[in-house]
Amino acid sequence: MAVMPRFGLALSGGGARGLAHIGVLAVLQQEGRIPDLIVGSSIGAVIGAAYALCPDADALKQAAMRLFAPGGAASGVLRRLKPSRPAAGIREGVLERIGDFAAKEYLLNVALLRGSLLSEREVRQCLSGLIPDLTFDGVRIPFAATAVDLVTGRRVILREGSLHRAVMASSALPGLMPPVAHQGMLLADGALLEAVPAGVARELGAETVVGVDVGSRLEAGRALRDGIDVLERATEIMMLHLRAAGRRACDVLIEPDLGNFHWTDFASVRELIAAGERAARERLPALRRILRRGGWAEAIERLKRRISRR
């Protein structure tokens, strides 16, 4: 009889901010708390799949550094996603604002004309540095990725077939990455429906769910200088509300303090991982308490089943 997962880990979407998931995994591993199930949306699916294949947080950290750090294998591709922003304390002049607007308009035109800013080949290039092109049969920890079908609007849970295609579908943010055709569906970013996939973890049998939310917080007083800024702000507000249900479904929620890190700040991989480690350590008392309680509950259920067979 299959053993149902007890400790489920739900990793949210959030772009580059999701590199903080690696820091959380590192602390859990140090505590000897390896999840029985990992469910990820968007960047959470990327990090979750990589760890499910090889549950070694140090190795994952090194791979992420090689891939995303300045000069890394994916830095050239991902740099195109990052808007130009003035450094803190530096007043932006008219010429800088014109250049920023022109760069945004160029990227928007490319995305509209080509269908997405990044091609499938470029997305695979970035993924290959973390995830070998294997199937779900190769994972050492049960793993699921969430996506949304753009045809029906329904949530899709991906648990078989190619890991690359599942992760590409889960992280395919419309306009930036191409949607993935799969069994008559057209799949896109799972965070569009459930940014923190704690509910999916429970559906798949997790008794205790630890969620990690790396989504952006609303910056007070942020300047909205053009239509693209307005669209990005509207998306942030939408995602804030989409995260609410998933957050409530968690027994313990870990929320790294990522300050003003933008969702395109992949080059800040070291700082983002460190922020995840700090947040996980701060929540260790709650984690130990809830996982210990879950362990007792599981032991009682085993005893009840044993008695019922007599």
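Nothing here was measured: the structure is a model prediction, and the numbers come from that model.

About the thresholds
Residues numbered from 1 in each chain as written. Predicted model: local features only at pLDDT ≥ 70, side-chain atom pairs only at ≥ 80, totals over all residues. Heavy atoms only, no water. Helix = DSSP H or I, 4+ residues; strand = E, 2+ residues; numbered from the N terminus. Buried < 20%, exposed > 50% of the residue type's maximum accessible area, 1.4 Å probe, protein only. Contact = heavy atoms within 4.5 Å. Axes fitted to C-alpha atoms, helices over the stretch in contact; angles between N-to-C directions. Left-handed = near helix turned anticlockwise from the far one by under 90°. Nonpolar A, V, L, I, M, F, W, Y, C, P; charged D, E, K, R; others polar. Parallel < 35°, antiparallel > 145°, perpendicular 65-115°, else oblique. pLDDT = per-residue confidence, 0-100. Salt bridge = Lys/Arg side-chain N within 4 Å of Asp/Glu carboxyl O.

1. A look at the overall build of the protein chain
Next up, step 1: Per the secondary structure count, the protein chain includes eleven helices and eight strands.
Next up, step 2: Burial status across the protein chain gives 49% buried among its 310 residues.
Next up, step 3: For the protein chain, restricting intrachain contacts to residue pairs at least 6 apart in sequence, the fraction spanning at least 24 positions comes to 78%.

2. Observations concerning the packing of helix α1 (residues 20-30) against helix α2 (residues 43-53)
Next up, step 1: Here α1 crosses α2 at 35 degrees, and the two axes come no closer than 10 Å. In this structure, the crossing between α1 and α2 has a hand that is right-handed. Between α1, through His21, Ile22, Leu25 and Gln29, and α2, the contact on the second element is made entirely by Gly44, Ile47 and Tyr51.
Next up, step 2: By residue class, the composition of the contact of α1 with α2 is four nonpolar, three polar and no charged.

3. What to know about the packing of α2 against helix α7 (residues 163-170)
Next up, step 1: One can describe the packing of α2 onto α7 by two numbers: an axis separation of 9 Å at closest approach and a directional angle of 155 degrees. In terms of their interaxial angle, α2 and α7 are classed as roughly antiparallel. Contacts between α2 and α7 involve Ala45, Val46, Ala49 and Leu53 on the former and, on the latter, Leu163, Val167 and Ser170.
Next up, step 2: Tallied by class, residues from the contact of α2 with α7 come to six nonpolar, one polar and no charged.

4. Things to note about α2
Next up, step 1: Within α2, eleven of the eleven residues are buried, which leaves it mostly tucked inside the rest of the structure.
Next up, step 2: All of the buried residues in α2 are Ile43, Gly44, Ala45, Val46, Ile47, Gly48, Ala49, Ala50, Tyr51, Ala52 and Leu53.

5. As for the confidence of the model for the protein chain
Next up, step 1: For the protein chain, per-residue confidence averages 81 on the pLDDT scale, and residues scoring 70 or more make up 73% of the total.
Next up, step 2: pLDDT under 50 marks residues 84-113. Its contacts with residues more than four places away, or in other chains, come to 24 contacts.

6. Remarks on the pattern of salt bridges
Next up, step 1: Taken as a whole and judged by the stated rule, the model has seven salt bridges.
Next up, step 2: The salt bridge involving arginine 155 is made with glutamate 194; its shortest N-O contact spans 3.4 Å. Of the two residues, arginine 155 is situated in strand β4 (residues 155-158) and glutamate 194 in the loop between β6 (185-189) and α8 (198-203); the sequence distance between them amounts to 39 residues.
Next up, step 3: Looking at glutamate 194, the relative accessible area reads 15%, which means it is buried.
Next up, step 4: Note that glutamate 255 and arginine 247 form a salt bridge whose closest N and O atoms lie 3.1 Å from each other.
Next up, step 5: By relative accessible area, arginine 247 is classed as partly exposed at 26%.
Next up, step 6: Counted as one network, the salt bridges with shared partners bring together Arg155, Glu194 and Glu203.

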